[in-house]
Amino acid sequence: MLDELKDLVDKKVFTVAETKQIMKQRTFTKKKSGASKNPENTCHRLGFRAHVGLWIEYIQLAKKEGARSLVGRITARALQLHPNVPSLYILAASHELAHLSPSTARTLLQRGIRLNSSNVEMWTEYLKMELGFIESLRRRWDVLGITREGTGVSQNVKNIVSEKDQFLDVDMDEGTTTAGTEKARDAELERLDQEGDEGTAARKQILDGVIVKAVMDSAVQALPQIELFESFNRLITIYPSSPTLRESLIEHFDALLRSTLPQHPRAIEILYTRLLTSASDSASQASSSSNPSVENLRGRALVEGVRRANEMLISIMSDTQEESVRQVYAQFALEWCQKDSRINLDENLKLYVISSLQALIHRQKSSSPSLLCAHIKLVTEAAQRGTVEPAKALDTAKRYTSRVPESASVWIARLTAMKALDENIDAVWREARRSVSPKDENFAHVWTWGISEDMVHDERLRVYEVLLNESVGDSSLQEHLLLGYVAALMSAKALNLQKLRHMQGRFLNTGKVWQKMFHLEAEENGSAIVLEELYELWRTANVVEATIAWAEWLLKNGKGKEASVLIVRSKGSVGQKEQEEMETQWRMVENRSSTWSQLLHPSHSSISHLSPPFPLASKSLLIFLSLALI
């Protein structure tokens, strides 16, 4: 009997009779397939083994059934076949930790890291395991009544950390740790229980996180990326460590982050968020938002946190010209001072942040769109609250658009401010359209800024037509406007042949415009005459797509013969490549329903006896996976 099946019998997952039946099926499968004689069947079987998802499901099912030794054999085989799949190492290590085998779990994760050193999840799981190791030692020493007081650097800890660093630096071709290495490490840990200055100093350093810090250092050296830091930050701030350990780890982490990614926007965000909360309060930062626990700040702690974060950001802004970094400060100011902020700051504290932002802009004579936009938004809201004169807010917005007239975002901020303060925007909107740079990513947004969904249909269409007349000569902008105009026409139910011909003669239309009009009209069960006219216009830009769309509509509406004639006629007017493409797409349209049927009910292959009739019960699925994978 296979060891895998014997283990399942011992766990009472299968009976002896059931395992005999499985063996008969396995023998029959081997005879029937004749792996050496039937290469196709061999490929199918190898296909199952190459499917990582099946291995993971097999492992999870075996764990669920409590078959511990089977899980070990499955993971060993899976890792042999898929050594570069981090999730398999993590599954295997978590199983070993659950059965109190931290040394085996450590070996698995270290091996996984050597083969997948650029995987953030692997490093994070390894760090998590070492945090758990420290916590287990702390509890052990508490139970034994052993103290952690002491000073100096323990040779025992040096040995442990040195061994760990040496292990992580091993080349992947050198294999895994030896049993002797693990025993030596365990012996070092046993000596930590001993009384005396050496043991006391060692315990203090371990509980202060020296091993975890070594892992952090190795990880950052191997993978100095913001994603790694973000993952580590989430872990060390929510892991249930002692406050002293957490504070020590956070201090080390922040120093690593500052030295490795000093100008990365997301790194700066982590650091300023830290200043808003105390280290002892970090355990509440379970959220992935930028300010996970700032809601807990009150009174003097809130004022001090905002002040420290603001001063840190101002210092960074003074040393950089990077817009992405300046954007971090703009987001900070908006997050804390806007009316929809999660924290209702005192008005004086808001004015402090706004004044700091204004002083930075003035001192640097800044043309940063992020900073200018943030200031416009904040002084506008202050004007609405009555703490700033509206005229001052409007003058600030005007000065900033004069400073960077090519910036779409600054114009949008000014227009939004004017609208909020009930100012007429028509003249300023025209000026914005003339001034903004076509290279700005928000260029088109400026042009459509004054169009809103609550406009009556006729007014929307009129504004679009004005904009279309102004945009003559800019094909990209006109296409963008025409797409909006088409949607407005459909919404107003104003699309007809006369309007089509007007558009065709007046504006620079593209295939994309006709395509959108065709699909919108088809969705609304529109007129066949209008659709045919749209098809003729569309086909001048893309004959294949237009023909297939029109033929599919004909087919769906009981005009299959006309659709076939259309395809034949269109193929005669295009080149060989377009003919083949049209033929392929038309065949897909004709066979769409049968294709879906085949996807839902696959045909039986030469190993159909191995295909699982999902959904299967756990026992049945274990049988299937045992036959397919082992």
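Within every chain, residues take consecutive numbers counted from 1 along the sequence as written. Local features are withheld for residues below a pLDDT of 70 in this predicted model, meaning they are given only at 70 or higher, and side-chain atom pairs are given and counted only at 80 or more; totals for whole chains, interfaces and linings count all residues. The side-chain numbers reported here are obtained from all heavy atoms of the structure, hydrogens and water having been left aside.

Novice: Describe in detail the overall build of the protein, supporting the description with residues and values.
Specialist: The number of helices and strands found in the protein is 33 helices and zero strands. A simple rule labels every residue: compare its accessible area, found with a 1.4 Å probe on the protein chains alone, to the largest value its type can have, and call it buried under 20%, exposed over 50%, or partly exposed in between. Buried positions account for 46% of the 630 residues belonging to the protein. Should any heavy atoms of two residues lie within 4.5 Å, those residues are considered in contact. When contacts within the protein are restricted to residue pairs at least 6 apart in sequence, those whose partners lie at least 24 apart make up 65%. What sets the accessible areas is the Shrake-Rupley method with a 1.4 Å probe; for residues, cover comes only from the shown protein chains. Split by element, the accessible area of the protein, about 32000 Å² in all, is 51% carbon and sulfur. Numbering goes from the N terminus for both helices and strands, where a helix is a DSSP run of H or I of at least four residues and a strand is a run of E of at least two.

Novice: Break down the nonpolar core for me, with residues and values.
Specialist: Buried Ala, Val, Leu, Ile, Met, Phe, Trp, Tyr and Cys residues form a nonpolar core when they are joined through side-chain atoms within 4.5 Å. Of all hydrophobic cores here, the largest spans 103 residues; its most connected members are W123, M216, L257, Y329 and F332. Considering every element that reaches this core, the biggest residue donor is helix α8 (residues 120-144), with ten residues. Not counting residues within four places of it along the chain, the set of residues in contact with M216 comprises L127, F232, I236, L249, H252, F253 and L256. The next biggest cluster of nonpolar side chains, apart from the first, holds 60 residues, and it includes W449, L468, F518 and W550.

Novice: Break down the layout of surface pockets for me, citing the residues and quoting the values.
Specialist: Think of a 1 Å grid over the protein atoms and nothing else: a 1.4 Å probe that fits but is trapped marks a cavity, an open set flanked by protein within 12 Å on at least five of seven lines marks a pocket, and residues with an atom within 4 Å of a point count as lining. Grid points are joined across faces, edges and corners, and a volume is the space filled by probe spheres set on the points. Within this model, the largest pocket holds a volume of roughly 420 Å³. Lining of the largest pocket is provided by 18 residues; of these, L97, M129, G132, F133 and Y239 occupy positions nearest its centre. At the level of elements, α6 (86-98), α7 (102-115) and α8 are the ones that each hand at least two residues to the lining of the largest pocket. In terms of residues, the lining of the largest pocket owes the most to one element, α8, which gives eight residues. A per-class count over the lining of the largest pocket returns ten nonpolar, three polar and five charged. Here the term charged refers only to Asp, Glu, Lys and Arg, the term nonpolar to Ala, Val, Leu, Ile, Met, Phe, Trp, Tyr, Cys and Pro, and the term polar to all other amino acids, Gly among them.

Novice: Quick one: what's the story with the confidence of the model for the protein, residue by residue and with numbers?
Specialist: Caution is warranted with low-pLDDT regions, since their predicted coordinates should not be read in detail. Mean pLDDT over the protein stands at 79; residues scoring 70 or higher make up 75%. Confidence per residue, as judged by the predictor, is encoded in pLDDT with a range of 0 to 100. Below a pLDDT of 50 lies the segment residues 604-616, which in the model reaches 21 contacts outside its immediate sequence neighbourhood of four places, other chains included.

Novice: Describe unusual backbone geometry, with residues and values.
Specialist: In most cases, non-glycine residues show a negative phi, while peptide bonds are predominantly trans. Positive phi, normally seen in glycine, also occurs at D422, with a value near 60°. Among the secondary structure elements, D422 is positioned in the loop between α21 (408-420) and α22 (426-435). With relative accessibility at 71%, the residue D422 sits in the exposed group. For K493, which is not a glycine, the phi torsion comes out positive at approximately 55°. Looking at where K493 falls in the secondary structure, it is placed in the loop between α25 (475-491) and α26 (497-506). Under the relative-accessibility criterion, K493 is labelled exposed at 71%.

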